[in-house]
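Given next are the chains, with one letter for each unit.
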Amino acid sequence: MGRISEKELKNQIKNEEFSRAYFIYGDESYLKEFYVGKLQKKLVSGTFEDFNLHRFDGKQESVGDILKDADLLPMMGGCNLISACDYPFDKSDKDCKEIKEYLKDVPDTTVLVFWYNSVKPDIKKSARWKGVEAAFAKYGSSIEFCRKSESELIKMLISGCKKREAVLSPKNAAYLISVSGNDIKTLLNEVIKLSAYADGGEITKEDIDSLAVKCLQARIYDLSNAVVKGNYDKAYTVLDSLFAAKEDPVKVLSAISGCFVDMYRVKCAKTAGKPFDDVGAHFNYKGREFALKNASRDCSSLSFKQLRKSLDVIMDADNGLKSTSADERLILEEMLVKLLLISKEVQYD
């Protein structure tokens, strides 16, 4: 069946025209789990599910043991479904050869599903992964679930609210993504909550501000915005909230770094006479295009010199977190003071 799209997989499931083998991978965790569940429901749900469904943790099992179960006959003429998660084919040429040979002649009563949750197959750089994925594409189906673009997420959110008899405008859908992030599972949970609250009415920006849970990145945007505006009180309030929520200091610093890198990239684009969203053509901002809008807003008050100096300060803090035993909060607070001073063009050295 080859390398197929989400739409083609959906049609396979709907029409019950299944491949003998599936290789499912990509960055979008929710969709991977969702479609593995859909395949399972269609192929083995019912009385004999316990007999015909064989789940394997790829990190714990050998490919030989998995394929032994693939040779079993299903109970009462159903389907024998093999669901193997995170099998590390990059570790062994022998395993790669074994699965490639097996894919040439998968039993008619068996469907193999090798899918990846915590393991990320490197199809571009690893010859082993590339070979295995190509074999699945040749003898079965291979599907990569990439992050959805912001426009795709907006359509999904509007449709989700409509199904629940609530109204969400494209503008507020984009705002919800900027607040809660681009993880589909998180966004769908927010849609359920906001739709119930709206009770058949329209979901407003105020509703989102009151009810939606802010992701780490959104809170970091608040912090970076406070920094560039020189708002000491708000900057430290946000930092306090991050520590109160027990966020990992390294992740917090990484997110702060990302905001300043975004601003630097957008500043470069504007200086070159390009629109801010041109940055998305050179770097991966799929599903988080809002980051460029935020960067365009925030970088206007900072010069190249200020941005470069800010990035140096962030790098020093990163080195401090990873190579010293100094208090993590103290390192981040010191960094925040320096960033605030830089935004006001105050010399601190």
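The preceding data block contains the structure.
Here the structure is a predicted model, which is why all the values come from computation and not from measurement.

Student: Explain the overall build of the chain to me, using residue names and the numbers behind them.
Tutor: A tally of regular secondary structure across the chain gives 16 helices and 6 strands. With the C-alpha coordinates of the chain rotated into their principal frame, the extents come out at 75 × 50 × 40 Å. Each of the 349 residues in the chain was classed as buried or not, and the buried ones make up 46%. For the chain, restricting intrachain contacts to residue pairs at least 6 apart in sequence, the fraction spanning at least 24 positions comes to 74%. Looking at the chain as shown, the accessible area adds up to about 18,100 Å², and 50% of this sits on carbon and sulfur atoms.

Student: Describe the pairing of strand β3 (residues 53-57), naming the residues involved and giving the relevant values.
Tutor: Pairing between β3 and strand β4 (residues 80-85): 5 bridges, direction parallel. Across the sheet, residue L53 finds its bridge partner in β4, namely L81. On the question of chirality, the crossover connecting β3 to the parallel β4 by way of helix α4 (residues 63-70) is right-handed.

Student: Quick rundown of a nonpolar patch on the surface? Include the residues and the values.
Tutor: A cluster of nonpolar side chains, namely F51, M75 and M76, defines an oily patch on the protein surface of about 340 Å² accessible area. When you line up the elements, M75 lands in the loop between α4 and β4.

Student: Describe the sheet that holds strand β1 (residues 2-3), and please don't skip the residues or the numbers.
Tutor: Spatial ordering of the open sheet is given by β1-β6-β2-β5-β4-β3, a layout of 6 strands whose pairing is parallel. This sheet does not close on itself; its edge strands, each paired only once, are β1 and β3.

Student: Residues and numbers for the pattern of salt bridges, please.
Tutor: Applying the stated rule across the entire model yields 20 salt bridges. Between R128 and D93 there is a salt bridge; the shortest N-O distance is 2.8 Å. Note that R128 is positioned in helix α6 (residues 127-139) and D93 in helix α5 (residues 93-103), a separation of 35 residues in sequence. Notably, a salt bridge pairs E334 with K338, separated by 3.4 Å at the nearest N-O pair. In this pair, E334 and K338 both sit in helix α16 (residues 328-343), 4 residues apart, roughly one turn of the helix. Given a relative accessible area of 24%, K338 falls into the partly exposed group. One salt-bridge network, in which partners are shared between bridges, spans D240, R329 and E333.

Student: Got a sec to walk through helix α13 (residues 249-271)? Specific residues and values, please.
Tutor: End to end, α13 covers 33 Å across 23 residues, agreeing with the expected 33 Å (1.5 Å per residue, within 8%). Those residues of α13 not exposed but buried are P249, V252, L253, A255, I256, C259, F260, D262, M263, V266, K267 and A269. Lining the buried residues of α13 we find α11 (216-228), α12 (232-244), α14 (290-299), α15 (304-323) and α16. Where α13 begins, the capping side chain belongs to D248, and its oxygen is found 3.1 Å from the backbone nitrogen of V250. Following α13 by one or two positions, G273 has its phi on the positive side, about 80°.

Student: Account for the packing of α13 against α16, naming residues and giving values.
Tutor: With their axes 10 Å apart at the nearest point, α13 and α16 run at an angle of 20° to one another. Overall, the two elements α13 and α16 adopt an arrangement that is roughly parallel. Considering how the two elements wind past one another, α13 and α16 form a crossing that is left-handed. When α13 is examined against α16, the residues P249, V252, L253, I256 and F260 are found in contact with a partner set consisting of E328, L332, M335 and L339. Taken together, the residues of the contact of α13 with α16 sort by class into 8 nonpolar, no polar and 1 charged.

Student: Got a sec to walk through unusual backbone geometry? Specific residues and values, please.
Tutor: One non-glycine residue, E165, lies in positive phi territory at about 60°. Checked against the element boundaries, E165 lands in the loop between α7 (150-163) and α8 (170-180). On the basis of relative accessible area, E165 is assigned to the exposed category, the value being 63%. Positive phi is not limited to glycine here, since K246 has a value of about 60°. With respect to the secondary-structure elements, K246 resides in the loop between α12 and α13.

Student: Tell me about the environment of D122, and name the residues and values.
Tutor: The residue D122 is located in the loop between β5 (110-115) and α6 in this model. A relative accessible area of 33% means that D122 is categorised as partly exposed. Taking the C-alpha atoms as reference points, D122 and L194, separated by 72 residues in sequence, lie 38 Å from one another. Reaching out from D122, the side chain makes a polar contact with the backbone nitrogen of K125 at a distance of 3.2 Å.

Student: Give me helix α9 (residues 184-198): which residues, what numbers.
Tutor: End to end, α9 covers 21 Å across 15 residues, agreeing with the expected 21 Å (1.5 Å per residue, within 8%). Within α9, burial applies to I184, L187, E190, V191, L194, S195 and A198. Each buried residue of α9 sits inside an arc of 130° when the element is viewed along its axis, so together they form one side. Facing away from the buried side of α9, by more than 90 degrees, are the exposed residues A196 and Y197. Tucked inside the fold, the buried residues of α9 contact α2 (29-44), α7, α8 and α10 (205-211).

Criteria and cut-off values
Residues numbered from 1 in each chain as written. Predicted model: local features only at pLDDT ≥ 70, side-chain atom pairs only at ≥ 80, totals over all residues. Heavy atoms only, no water. Helix = DSSP H or I, 4+ residues; strand = E, 2+ residues; numbered from the N terminus. Buried < 20%, exposed > 50% of the residue type's maximum accessible area, 1.4 Å probe, protein only. Contact = heavy atoms within 4.5 Å. Areas by Shrake-Rupley, 256 points an atom, 1.4 Å probe, with all protein chains shown as cover. Pairing = 2+ DSSP bridges. Right-handed = clockwise from strand over helix to strand, strands pointing away. Patch = residues over 30% accessible without salt bridge, like charges linked within 9 Å, V, L, I, M, F, W, Y side chains within 5 Å. Salt bridge = Lys/Arg side-chain N within 4 Å of Asp/Glu carboxyl O. Expected span 1.5 Å × (residues − 1). Polar contact = N/O pair within 3.5 Å; in protein donor to acceptor, adjacent residues only side chain to side chain. Axes fitted to C-alpha atoms, helices over the stretch in contact; angles between N-to-C directions. Parallel < 35°, antiparallel > 145°, perpendicular 65-115°, else oblique. Left-handed = near helix turned anticlockwise from the far one by under 90°. Nonpolar A, V, L, I, M, F, W, Y, C, P; charged D, E, K, R; others polar. Arc of directions from axis to C-beta.

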